[in-house]
Amino acid sequence: MKTRTITQPMLNNIKTVLTRMNEKTKYADDGYSFAAEILKRLTIGDKAEFIDGRCFINKVAPDKQMQKHTLFTMGKTQLVINNKSGEIVDYYKPFYKPWKKVMKNLEKYLQIFSDNFDNPQIVTQHRLSFSGFTKAGLQKIQEIKDKINL
């Protein structure tokens, strides 16, 4: 498989989008339990989808943003892009769709995601919420359980 790499402006757009997605992360902790809400996926109708392959439940410094992979879908074409190097590490594309067209569409959609990030009429944001117990919360539950089992 030939190594394919996106251009620096495309990588800059990915960094911009990932940084803004991470800024939308919400994390609350009362000492015993936590709740997190992360912005995991962006879509432009059924035309393009941008999925953050990272899973940060806290906000991260700008210099730590470019980790893991971004999953990008345009129609039937799917790309897995290394956030650090810009290398396309895996892909599926229709056989007759030339790479030149794929890269042109990728550039176009990355620019749209970057420019219209906060415009809900163009870009839809999809969040993932979850909650659980902190270490202190688990210890408290175990203490209560131990008292009940006496």
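Criteria and cut-off values
- Residues numbered from 1 in each chain as written.
- Predicted model: local features only at pLDDT ≥ 70, side-chain atom pairs only at ≥ 80, totals over all residues.
- Heavy atoms only, no water.
- Core = buried A, V, L, I, M, F, W, Y, C linked by side-chain atoms within 4.5 Å.
- Buried < 20%, exposed > 50% of the residue type's maximum accessible area, 1.4 Å probe, protein only.
- Helix = DSSP H or I, 4+ residues; strand = E, 2+ residues; numbered from the N terminus.
- Contact = heavy atoms within 4.5 Å.
- Salt bridge = Lys/Arg side-chain N within 4 Å of Asp/Glu carboxyl O.
- Pairing = 2+ DSSP bridges.

1. Quick notes on the nonpolar core
- Core analysis: the largest hydrophobic core is formed by 27 residues, its most contacted members being Ile6, Leu42, Phe50, Phe72, Leu79, Leu106 and Phe113.
- Looking at this core, the elements with two or more residues in it are helix 1 (8-23), strand 3 (33-44), strand 4 (48-52), strand 5 (69-74), strand 6 (77-82) and helix 2 (99-115).
- Counting residues per element, this core draws most heavily on helix 2, which supplies 7 residues.
- Among residues more than four places away in sequence, those in contact with Phe72 are Ala48, Glu49, Phe50, Thr77, Gln78, Leu79, Ile81, Leu106, Tyr109, Leu110 and Phe113.

2. A word on the pattern of salt bridges
- For the structure on display, the rule yields 6 salt bridges.
- The shortest N-O distance in the salt bridge between Asp118 and Lys24 comes to 3.2 Å. Of the two residues, Asp118 is situated in the loop between helix 2 and strand 8 (124-133) and Lys24 in the loop between helix 1 and strand 2 (26-29); the sequence distance between them amounts to 94 residues.
- Residue Asp118 is classed as partly exposed on the basis of its relative accessible area, which comes to 47%.
- Classification of Lys24 as partly exposed rests on a relative accessible area of 29%.
- The salt bridge involving Glu49 is made with Arg41; its shortest N-O contact spans 2.6 Å.

3. A closer look at the environment of Asn12
- Among the structural elements, Asn12 can be located in helix 1.
- Residues Asn12 and Gln111, spaced 99 residues apart in sequence, show a C-alpha to C-alpha distance of 9.7 Å.

4. Quick notes on the pairing of strand 3
- The sheet contact formed by strand 2 and strand 3 spans 4 bridges and is antiparallel. Across the sheet, Lys26 pairs through a bridge with Glu37, a residue of strand 3.
- The antiparallel hairpin formed by strand 2 and strand 3 contains 3 residues in its connecting segment, where Gly31 sits at a positive phi of about 100 degrees.
- Bridge analysis of strand 3 against strand 8 gives 10 bridges, and the strand direction is antiparallel. Opposite Ala36, over in strand 8, you have Phe130 as the bridge partner.
- As consecutive antiparallel partners, strand 3 and strand 4 are separated by 3 residues, and within that stretch Gly45 has a phi angle of approximately 50 degrees, a positive value.

In short, the description is geometric, and any link to function would need to be established separately.
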